[in-house]
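# Summary of structural features
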Amino acid sequence: LDPPRQVWNGLDLDLPDDAGGAWLVLAETCALYPGWTARVDGVATPIHRANGAATALWLPDGARRVELRYRTPRLRLGLAISAATALAVGALLA
């Protein structure tokens with residue numbers, strides 16, 4: 001198994017041919033924090049906690065690729081509030 005490739009917001013992992021039909025356990029804490037999503041061959045899959053803090057994913061038969069991505073929870077809400085506040089302050093100062 002090759003080490004995962006880090007991307008700016010997560011990890012990509014190519015699996016060996018015989019990886020399907022088993023659990024993949026990673027020494028990552030993705031299962032502990034909201035905002036993480038997992039896809040196996042492009043299909044969303046649940047992230048489970050293993051051994052207290054590790055991350056576990058079920059790999060269906062024929063699985064070839066795993067993608068873990070992080071998106072900050074409520075980022076869009078925070079950006080919208082900031083933009084509305086900037087507009088309101090701009091209107092008051094105009």
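The preceding data block contains the structure.
Overview of the structure. (Residues numbered from 1 in each chain as written. Predicted model: local features only at pLDDT ≥ 70, side-chain atom pairs only at ≥ 80, totals over all residues. Heavy atoms only, no water.)

## Points about the overall build of the protein chain
Applicable threshold: Only DSSP runs of H or I reaching four residues or more are called helices, and only runs of E reaching two or more are called strands; each is numbered from the N terminus. Put simply, the radius of gyration uses C-alpha atoms, and a globule should come to 2.2 Å times the residue count raised to 0.38. The classification of residues rests on relative accessible area computed with a 1.4 Å probe and restricted to protein chains. Under 20% of the type maximum is buried, over 50% is exposed, and intermediate values are partly exposed.
For the protein chain, the count of helices and strands is 1 helix and 8 strands. Computed over its C-alpha atoms, the radius of gyration of the protein chain comes to 19 Å, more than 25% above the 12 Å expected for a compact globule of 94 residues. Across its three principal directions, the C-alpha atoms of the protein chain cover 65 × 25 × 20 Å. The burial tally for the protein chain puts 24% of its 94 residues in the buried class.

## Considerations on a nonpolar patch on the surface
The condition that has to hold: Two distance rules govern patches: like charges are joined within 9 Å, and nonpolar side chains (Val, Leu, Ile, Met, Phe, Trp, Tyr) within 5 Å, applied only to residues with over 30% relative accessible area and no salt bridge. To be clear on the numbers: accessible area is Shrake-Rupley with a 1.4 Å probe, and residue cover counts the displayed protein chains and nothing else. By convention in these notes, a salt bridge is any Lys or Arg side-chain nitrogen within 4 Å of a carboxyl oxygen on Asp or Glu.
The grouping of Trp-23, Val-25 and Trp-58 at the surface amounts to a nonpolar patch, some 320 Å² of accessible area in total. Tracing the sequence through the fold places Trp-23 in strand β3 (residues 22-26).

## Re the pairing of strand β7 (residues 54-59)
Test applied: Following DSSP output, two strands are said to pair if at least two bridges run between them.
Counting buried positions along β7 gives 5 out of 6 residues, so the element sits mostly inside the fold. The pairing of β3 with β7 spans 5 bridges and is antiparallel. Within β7, the position partnered with Trp-23 by the bridge is Trp-58. In this sheet, β7 lies alongside strand β6 (residues 48-50) in antiparallel orientation, the contact comprising 3 bridges. From the neighbouring strand, Arg-49 faces β7, where its bridge partner is Thr-55. Linking β6 to β7, which pair antiparallel, is a turn of 3 residues; within it Asn-51 sits at a positive phi near 55°.

## Points about the nonpolar core
The following threshold applies: Only buried Ala, Val, Leu, Ile, Met, Phe, Trp, Tyr and Cys residues count toward a nonpolar core, and they belong to the same one when joined by side-chain atoms within 4.5 Å.
Counting residues in each nonpolar core, the largest one holds 14 residues, and the members touching the most others are Leu-13, Leu-15, Leu-24, Leu-57, Leu-59, Val-66 and Leu-68. Put simply, the parts of the chain that give this core at least two residues each are β2 (10-14), β3, β4 (36-40), β7 and β8 (65-70).

## So, the pattern of salt bridges
Scanning the entire structure with this criterion turns up 6 salt bridges. When the shortest N-O distance is used, the salt bridge between Arg-65 and Asp-14 registers 3.0 Å. With Arg-65 in strand β8 and Asp-14 in strand β2, this residue pair connects regions lying 51 residues apart in the sequence. Take Arg-65: its relative accessible area is 26%, and that puts it in the partly exposed class. Given the relative accessible area of 36%, Asp-14 is considered partly exposed. Residue Glu-67 pairs with Arg-65 through a salt bridge whose shortest N-O separation is 3.3 Å. The exposure class assigned to Glu-67 is partly exposed, which follows from its relative accessible area of 23%. When salt bridges with common partners are traced through the structure, they connect Arg-5, Asp-12, Asp-14, Arg-65, Glu-67 and Arg-69 into a single cluster.

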